[in-house]
Amino acid sequence: MALLPALALATAAAAGCAESTTGGGGTADGGVQVIKAGVLTTCTHMDYKPFQFHDQGNVVGFDVDLVDAIAKDMGLKQEIVDTPFEGIQSGEDLNTRRCDVAAAAMSITPPREENFDFSDPYFEATQALLTKKGANIRSLADLRGKKLGVQLATTGETYANDNKAANGYEVVQFEDLPLSVTAVETGQVDAAINDNSVFGDFVKTNPNVEITNEFTTGDQYGIGVATGNTALKDRINAALKKLRENGEYNRIYEKWFGKAPQ
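In this numbering scheme, every chain counts its residues from 1 along its sequence in written order. Given that this is a predicted model, residues contribute local features only at a pLDDT of at least 70 and side-chain atom pairs are listed and counted only at 80 or more, while totals for whole chains, interfaces and linings are drawn from all residues. Processing note: side-chain calculations cover all non-hydrogen atoms of the structure and skip hydrogens and water entirely.

**Some remarks on the overall build of the chain**
And then number 1: Within the chain, the regular secondary structure consists of ten helices and 15 strands.
And then number 2: Relative to the globule expectation of 18 Å for 262 residues, the C-alpha radius of gyration of the chain, 18 Å, shows essentially globular dimensions.
And then number 3: By principal-axis analysis of the C-alpha atoms, the chain measures approximately 55 × 35 × 30 Å.
And then number 4: Here the chain holds 262 residues, and 53% of them are scored as buried.
And then number 5: Partitioning the intrachain contacts of the chain with sequence separation of at least 6 by distance along the chain shows that 71% fall at a separation of at least 24. Elements are defined by DSSP. Helices are runs of H or I of four residues or more, strands are runs of E of two residues or more, and each kind is numbered from the N terminus. Radius of gyration here is computed from C-alpha atoms only, and the compact-globule reference equals 2.2 Å multiplied by the residue count raised to the power 0.38. Three exposure classes are used, based on accessible area relative to the maximum for each residue type with a 1.4 Å probe and protein chains only: buried under 20%, partly exposed in between, and exposed over 50%. Throughout, a contact is declared for two residues whenever any of their heavy atoms are within 4.5 Å.

Given below as structure tokens:
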């Protein structure tokens, strides 16, 4: 997988997110250091509905609301930076202090843990197979001689590559989720693999495609922090625990997924 250059993209002003604050940094409640006074700066990658996506000029989603709540618990307001996912998962954006945290529906994996640290898990996911409706592709074995689309630098890409030799398909890479699902719709690829929640959201408004299989991979999402930033990681974990205990986590979950977490 080729590394993507880190792009200096503009900060997206999300609903509930603060304007950028100038200065040499600041502290959150409890003395945790942040790169901008009064702000928890979050790196993410658009669009990955329903976790983070654009809606009428705002950045919204499950991850957005969850980190808003964490920031509020820390006495801060969230500010979002949209950046290529490779810069997040490589640890570059965190370890160069471009952002305090990374929240991008990001699975906790050993290779990523070598690049930066994770909070406690906050979401469980599985991989899903998306095809055109009626394509009769219901397993990886049905893709022999066909093309499977993946999003770069994701656990779906890893799973597709790990099973490619046994099932005889070609893996086709796309930079983001919208490109991969469009490729399924237009026939550029025969199927795509990605997290079940984002595909589940997509099929609600796109009846020409369907999810035909899911693969249990044990994926759990975590919030990334720079390597060794134990103070911030512990503070995030404390906020996550509080949000679960006071019901706020469940409220946010039900808002975006229409049901209580299992």
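**Here's the deal with unusual backbone geometry**
And then number 1: The omega torsion across Met46 and Asp47 is -20°, close enough to zero to call that bond cis.
And then number 2: Considering the arrangement of structural elements, one finds Asp47 in the loop between β4 (39-44) and β5 (53-55).
And then number 3: Following Lys49, the chain continues into Pro50 via a peptide bond in cis, with omega recorded as 10°.
And then number 4: Summarising the element assignment, Pro50 is placed in the loop between β4 and β5.
And then number 5: Of note, Ala105 is a non-glycine position whose phi angle comes to about 45°, a positive value.
And then number 6: Tracing the backbone through its elements, the reader meets Ala105 in the loop between β8 (101-102) and α4 (110-113).
And then number 7: The phi angle at Ala153 is positive, at roughly 70°, despite the residue not being glycine.
And then number 8: Position of Ala153 relative to the elements: it lies in the loop between β11 (147-151) and α5 (155-162).
And then number 9: Judged by its relative accessible area of 5%, Ala153 falls in the buried class.

**Section: the packing of aromatic side chains**
And then number 1: Centre distance within 6.5 Å is the pairing criterion for rings of Phe, Tyr and Trp, where only the six-membered ring of Trp is used; planes under 30 degrees apart are then read as stacked, over 60 as edge-to-face, and the remainder as tilted. According to the stated counting rule, one finds 19 aromatic pairs in the structure shown.
And then number 2: Residues Phe62 and Tyr249 carry aromatic rings whose centres are separated by 5.9 Å and whose planes lie at 90° to one another, so their mutual orientation is edge-to-face. With Phe62 in helix α1 (residues 62-73) and Tyr249 in helix α10 (residues 248-257), this pair connects stretches of sequence that are 187 residues apart. In this pair, the class of Phe62 matches that of Tyr249, namely buried.
And then number 3: With centroids separated by 4.9 Å and ring planes inclined at 50°, the aromatic side chains of Phe116 and Phe118 adopt a geometry described as tilted. Accessibility assignment for this pair places Phe116 and Phe118 in one class, buried.
And then number 4: By the ring-pair criterion, three or more aromatic residues cluster together here, those being Tyr48, Phe51, Phe62, Tyr122, Phe123, Tyr221, Tyr249, Tyr253 and Phe257.
And then number 5: Each ring is checked for a lysine NZ or an arginine CZ that lies within 6 Å of its centre and within 35 degrees of its normal; such an atom marks a charge sitting over the ring. Above the face of the Tyr249 ring, Arg244 is positioned so that its terminal group lies 4.2 Å from the ring centre.

**Here we look at the state of the cysteines**
And then number 1: By convention in this document, the label disulfide applies to cysteine sulfur atom pairs within 2.5 Å. Enumeration according to the criterion identifies one disulfide in this entry.
And then number 2: The disulfide partner of Cys43 is Cys99, and the gap between their sulfur atoms is 1.9 Å. With the S-S bond torsion at 60°, the cross-link from Cys43 to Cys99 turns out right-handed. Taken together, the residues span a long stretch of sequence, with Cys43 in strand β4 and Cys99 in the loop between α3 (92-95) and β8 at a distance of 56 residues.
And then number 3: Judged by its relative accessible area of 3%, Cys99 falls in the buried class.

**Concerning the pattern of salt bridges**
And then number 1: A carboxyl oxygen of Asp or Glu within 4 Å of a side-chain nitrogen of Lys or Arg is what we treat as a salt bridge. This model, assessed by the stated rule, comprises nine salt bridges.
And then number 2: One salt bridge in this structure joins Lys36 and Glu79, with 2.8 Å as the shortest N-O distance. Placement of Lys36 in the loop between β3 (33-34) and β4 and of Glu79 in strand β7 (residues 77-82) is noted, with a sequence separation of 43 residues between them. Like Lys36, the residue Glu79 is buried in the burial classification.
And then number 3: A salt bridge links Asp201 to Lys49; its shortest N-O distance comes to 3.9 Å.

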